[in-house]
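Below are the chains, spelled out letter by letter.
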Amino acid sequence: MKIKRIFGRKTTLLQRMIMLTLAVGILPTLIVGISSYLFSASTLQNEVNRAHVQLLENTSATIDRDLQNIQDSTLQLLFHPLFGNEALQRGIKENESEFNMQVVQFFSTFQSNHKLILDISMYVKDNYLLSSSFGLFKITPIYDRNRLNEVMTFPKEFQWKNTVFQIRANDAAKGVTFICRLPLQALSPVGLMLVRIDEKLFQDALQRSVAYPGQTIAIVDKEGKTVASSSMSALPSQLLEQIQQKNVSEHKLNYNWNNRDYLVTTLTSSYTGWKYIDLIPVDELNAKSAGIGVITAVVLAVVLLIALVFTFLGTQWVYRPIANLMIHMKRDSAGSEADEDEIGYVKQTWLALKDETRQLQDQLSQQLPIIQESFVMQMLQGNYLHYAPNELGNLFERYALPQQAQFAIFIVTYDSSTPGKGKFSDQDRDLVIFAMKNIITDLVHANEHVFLGITINLLNDQIAVLLWNHIKVDNEFNSAMIAEWKVLVKGFVEETRSVLSDYLRLPVTAGLGTVTNEIRDLPQVYHQAVSALYSRLVVGGEQVIDPENDFLKVSESFRYPIELEQHYEESLKQGDLEESKRMLDEFSNYVVSATHVTKVIQMSYTQLLGTTIRTMYLLDIDLDTLYKGEEPYEYLRKFQNMDDLNHWFLDKLITPIVTFVHNKTFVKHEHIIDKVTAFIQENYHLDISQNQCAHSFGISRTHLSKLFKKFQHISFSDYVTQVRIERAKKLLRDTDIPVADISEKVGYLHTQNFIRVFKKNVGLTPGQFRDEGE
């Protein structure tokens, strides 16, 4: 049965063997040997090529995924307010030292979270370059300043470049650089963000793919320059030109290099556009097939010799080794079921990787909606109010948003249910918000014939929705159409709230802002929706609250002190207990003096509590551990007087947050002082200044002075003097070096100054000290 599966019908095969053995003799040996060798060589090359195409795809996908993660993380970093246009301008011009310290802290955290990054730098045009690895460089020492300025003129806001910008003339680093303009969305950038990836990342990935002696794998960019290679030899330019000009079938071609034939496999990355080129020596590929050919020829020669001697009597005996040979060939993959299984496995793996590639491409296509959502969140919070109208219009056009339409904003949230009720528990908050966002998005899509919209997770258990209509706003858009639009919007919000409440089995409330056709008014409309939502604590939840609510009309004259709230939030982040307490007192005094309506005061403190909880979330504080199962909003509904309320804020919220920040920063500050003291111990003989040390370790001079007194209980200059005097005393006791030379060795250029300082600290002159020691 095995023979029949391999050769066909048994009788036909045996008859053919006898006839061919007697009639032709040597011819079958040659035909079978050559065909077996050619078949094995061709099959091996094809299989190796498929495997290496797959290997190149895996290597390319791994490298592309690492580069994509770094790109996404860098773009997310640049959305931080620190790198906004105003923050950059103010940091560069007004408070450069403190700004650079904050940037260095960001760089340090960012680089520690991304092990593949070798260096991250910020270049400010015609000013300086701040590097996480090399520190701060002013204009003159920056070797590639002209290239950096040239990159700033490129039309792309961010890009990967197969180059490394040299900070110094002797900087020989290689690799690739991710370049972003600063600020990211400004028309006139002030600088660049440079994220450098060492070429070792690519070389390691390529080395892991090398399987044959003499094999070379290289990555070449669109300009034909080598990004990385598994060997030291550069690829021949003729090969690169042939790859560029020739339409390579099945990703492969044959090429002779240094009198040696190679099988060349190529693959182009869909993300970077780089070509992955794999050169495998053909003789290495043919080694196994040559061995199979030799074995086949020997066995067939033996069979032919026996067939000639024994003819018909030896047919069965001749057939037995051939059958064994076929079993051996089947086991070793020459056209057998084992090969089919392996091919099936490779096919399944290829399909799985293809599916994964499609998923990654889908994720890439989803990046635009994510950035669009982030932009709308920043817009609603008023971060683009300083932009001119035409600039705002360009931003909306860039993110596929309408410049002219009727806009509406509403915010949806839910209140925790009582124990035993509701579809979800308090531990399912993230799941609830995720479900709410998906449901609202589906409802918006279902009504896309009426309006379009974007759903935004506000990260505070609330979902904001920006809606707009299809009608272009012009003079014909009259008040009747506006009124009809308002009715449609409110009806949709009512429907959305009802669907969410029925599905979640939780009390759901929506706050609705007014309708506007000006994109500059969107932050104001957003705050109206926020105020309407917060008023549920007064007017009751499980409804749609719009600006026409009587309570909101009564409170229109009251302006919430947003500037005090921002200062309060910043004080918490800095761990400043006194300043946080002062801001709480000022907030309390302002609210009480501005209104005597208890409900308005309660709503103001509710918003302040939301800001405090958001700050705790940003500081990574475990809210459940702090509250211990209590619901903080419940206290606001039943407080008795302002003193109790302020004491509760101070004891339960402010003090634990400040303590957490202090504990987190204490270790960091202690580590900085250890480095500074070690630096003084090693360089006391040089001209050391406090400004120099502060600059070297990325902090301000004032901050260094405070930290030094806190941890060393002595001023910086007194510590330097103490180290120098102790070293001088040791030299006076143990050596006969003249006092003038000792003065120079311990960092004093003038001997008289050294003698004066020594006598002031020791009570004796250096000569008297040496004499007493003798």
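Our subject is the structure that appears above.
This is a predicted model, so every value here is computed, not measured.

What counts and how
- Per-chain numbering applies: the sequence of each chain, read as written, is numbered from 1 onward.
- A pLDDT threshold of at least 70 governs which residues receive local features in this predicted model, and a stricter bar of 80 or more applies before side-chain atom pairs are shown or counted, although totals over entire chains, interfaces and linings include all residues.
- Side-chain numbers here rest on the full set of heavy atoms in the structure, without hydrogens or water.
- Secondary structure elements are defined from DSSP: runs of H or I of at least 4 residues count as helices, runs of E of at least 2 residues count as strands, and each element is numbered from the N terminus.
- Any residue under 20% of the maximum accessible area for its type is buried, any over 50% is exposed, and the rest in between are partly exposed; the area is computed with a 1.4 Å probe on protein chains only.
- Accessible areas in this description were obtained via Shrake-Rupley with a 1.4 Å probe; residue shielding takes into account the shown protein chains only.
- Helix span is expected to be 1.5 Å times the residue number reduced by one.
- What the arc describes is the spread of directions from the helix axis to the C-beta atoms.
- Strand pairing is assigned whenever DSSP identifies at least 2 bridges connecting the two strands.
- Whenever a helix is involved, its axis is fitted only over the stretch in contact; in every case the axis is a line through C-alpha atoms, and angles between N-to-C directions fall within 0 to 180 degrees.
- Any pair of residues with heavy atoms lying within 4.5 Å of one another is described as a contacting pair.
- Under the pairing criterion, centres of Phe, Tyr and Trp rings, with the six-membered ring standing for Trp, must be within 6.5 Å; the plane angle then separates stacked pairs below 30 degrees from edge-to-face pairs above 60, leaving the rest tilted.
- As a reminder, the over-ring test applies to NZ of lysine and CZ of arginine, requiring each to be within 6 Å of the ring centre and within 35 degrees of the ring normal.
- The cut-offs work like this: below 35 degrees is roughly parallel, past 145 is roughly antiparallel, 65 to 115 is roughly perpendicular, and the gaps in between are oblique.
- Each helix crossing is assigned a hand: it is left-handed if the near helix lies turned anticlockwise from the far helix by less than a right angle, otherwise right-handed if that turn is clockwise.
- Throughout this entry, Asp, Glu, Lys and Arg are counted as charged residues, while Ala, Val, Leu, Ile, Met, Phe, Trp, Tyr, Cys and Pro are counted as nonpolar. The remaining residues, Gly among them, count as polar.
- Whenever Lys or Arg places a side-chain nitrogen within 4 Å of a carboxyl oxygen from Asp or Glu, that contact is recorded as a salt bridge.

Enquirer: Looking at this model, I keep getting lost on the overall build of the protein chain. Mind explaining?
Expert: When its secondary structure is counted, the protein chain shows 30 helices and 16 strands. Among the 774 residues that make up the protein chain, the fraction classed as buried is 45%. Carbon and sulfur atoms form 52% of the exposed surface of the protein chain, whose accessible area is close to 41,600 Å².

Enquirer: Would you take a moment to explain unusual backbone geometry for this structure?
Expert: Backbone geometry follows two general trends: most residues other than glycine have a negative phi, and most peptide bonds adopt the trans configuration. Look at the link from leucine 182 to proline 183: it is a cis peptide, with omega at -15°. For alanine 400, which is not glycine, the phi dihedral falls at a positive 60°. Examined against the element boundaries, alanine 400 turns out to sit in the loop between α13 (389–398) and β12 (407–414). Despite not being glycine, arginine 505 shows a phi value in the positive range, around 60°.

Enquirer: Just to check I follow, could you spell out helix α19 (residues 562–574) for this structure?
Expert: For α19, built from 13 residues, the straight-helix expectation of 18 Å at 1.5 Å per residue is met to within 8% by its first-to-last C-alpha distance of 19 Å. Along α19, the residues classified as buried are Leu564, Glu565, Tyr568, Glu569, Ser571 and Leu572. Summarising the axial view, the buried residues of α19 lie within an arc of 160°, below the 170-degree limit, and thus occupy one face. Where α19 terminates, the next one or two residues include glycine 575, which has phi positive at roughly 75°.

Enquirer: Sorry, what's going on with the sheet that holds strand β1 (residues 117–124) here?
Expert: Taken in spatial order, the six strands of this open sheet run β3-β2-β1-β6-β5-β4, and their pairing is antiparallel. The open sheet is flanked by β3 (135–138) and β4 (158–161), the only strands paired with a single partner. For this sheet, the mean inter-axis angle between neighbouring strands, taken without regard to orientation, is 20°. Relative to β3, strand β2 (residues 128–131) runs antiparallel, the two sharing four bridges. Within the sheet, the bridge partner assigned to serine 131 lies in β3 and is glycine 135. Against the sheet, helix α5 (residues 96–113) touches β1, β2, β3 and β6 (191–198), its axis set at about 155° to β1.

Enquirer: Explain helix α16 (residues 522–534) here, please?
Expert: One turn of an α-helix holds 3.6 residues; hence residues three or four places apart share an orientation. Given a rise of 1.5 Å per residue, 13 residues ought to cover 18 Å, and the 18 Å separating the end C-alpha atoms of α16 matches this to within 8%. Along α16, the residues that are buried comprise Leu522, Pro523, Val525, Tyr526, Ala529, Val530, Ala532, Leu533 and Tyr534.

Enquirer: What should I look at first to understand the sheet that holds strand β14 (residues 462–469) in this one?
Expert: Backbone hydrogen bonds are what pair the strands of a sheet, in a parallel or an antiparallel way. Taken in spatial order, the five strands make up an open sheet running β13-β14-β12-β15-β16, and their pairing is mixed. If you trace the sheet from one side to the other, it starts and ends with β13 (451–457) and β16 (544–545), each paired once. Two strands pair when backbone bridges link them, and β12 and β14 are joined in this way by seven bridges, in the antiparallel orientation. Counted as the bridge partner of isoleucine 409 is leucine 466 from β14. Here helix α12 (residues 367–380) sits on the sheet in contact with β12, β13 and β14, set at roughly 85° to β13.

Enquirer: Help me out: how do you make sense of the environment of leucine 240 in this one?
Expert: Checked against the element boundaries, leucine 240 lands in helix α8 (residues 237–245). Residue leucine 240 is classed as buried on the basis of its relative accessible area, which comes to 16%. For leucine 240, the residues in contact, after removing those within four places along its chain, are Val220, Gly224, Leu235 and Ile277.

Enquirer: Would you mind showing me how to read the environment of glutamate 670 here?
Expert: By the secondary structure assignment, glutamate 670 is in helix α24 (residues 642–683). Glutamate 670 sits in the partly exposed class, given a relative accessible area of 34%. Residues glutamate 670 and lysine 710, spaced 40 residues apart in sequence, show a C-alpha to C-alpha distance of 9.4 Å.

Enquirer: Teacher, can you tell me more about the packing of aromatic side chains here?
Expert: Each aromatic ring pair is described using two quantities: the centre-to-centre distance and the angle formed by the ring planes. Enumeration according to the criterion identifies 17 aromatic pairs in this entry. Plain terms: the ring middles of phenylalanine 158 and phenylalanine 178 are 6.1 Å apart, the flat faces sit at 50° to each other, and that makes the pair tilted. Here the residue phenylalanine 158 occupies a position in strand β4, and phenylalanine 178 occupies one in strand β5 (residues 175–182), the gap between them amounting to 20 residues. According to the relative accessible area criterion, phenylalanine 158 is partly exposed, its value standing at 30%. Take phenylalanine 178: its relative accessible area is 0%, and that puts it in the buried class. Taken together, a centroid distance of 4.8 Å and an interplanar angle of 70° make the contact between phenylalanine 451 and phenylalanine 492 edge-to-face. Remark: phenylalanine 492 occurs in helix α15 (residues 479–504) and phenylalanine 451 occurs in strand β13; sequence separation between them is 41 residues. Given the relative accessible area of 1%, phenylalanine 451 is considered buried. The exposure class assigned to phenylalanine 492 is buried, which follows from its relative accessible area of 2%. Taken together, Phe375, Tyr384, Tyr387, Phe396, Tyr399 and Phe407 form an aromatic cluster joined through their ring pairs. Lying across the ring of tyrosine 748, arginine 724 places its NZ or CZ 5.4 Å from the centre.

Enquirer: What is the right way to look at the packing of α19 against helix α20 (residues 577–594) in this model?
Expert: What describes two packed helices is the angle between their axes and the distance between those same axes. Across the interface, α19 lies against α20 with an axial gap of 8 Å and an inter-helix angle of 160°. Taken together, the axes of α19 and α20 lie roughly antiparallel to each other. As α19 packs across α20, the resulting crossing turns out to be left-handed. On α20, the residues that touch Leu564, His567, Tyr568, Ser571 and Leu572 of α19 are Glu579, Ser580, Arg582, Met583, Leu584, Glu586, Phe587 and Tyr590. In terms of residue class, the contact of α19 with α20 is made up of seven nonpolar, three polar and three charged.

Enquirer: Would you take a moment to explain the pairing of strand β8 (residues 226–229) for this structure?
Expert: A regular strand places its side chains so that they alternate between the two faces of the sheet. Of the pairings in the sheet, the one linking strand β7 (residues 216–220) to β8 comprises three bridges and is antiparallel in character. Within β8, the residue paired with isoleucine 219 across the bridge is alanine 228. Hairpin connection between β7 and β8: a loop of five residues separates the two successive antiparallel strands, and glycine 224 in this loop has a positive phi of roughly 85°.

Enquirer: Hey, could you run me through the pattern of salt bridges in this one?
Expert: As a working rule, side chains carrying opposite charge can pair if their charged atoms are close by. This structure, assessed with the given rule, holds 10 salt bridges. With a closest N to O distance of 3.4 Å, aspartate 585 and lysine 581 form a salt bridge. Of this pair, aspartate 585 and lysine 581 both sit in helix α20, four residues apart, roughly one helical turn. Linked by salt bridges that have partners in common, Glu569, Lys573 and Arg614 make up one network.

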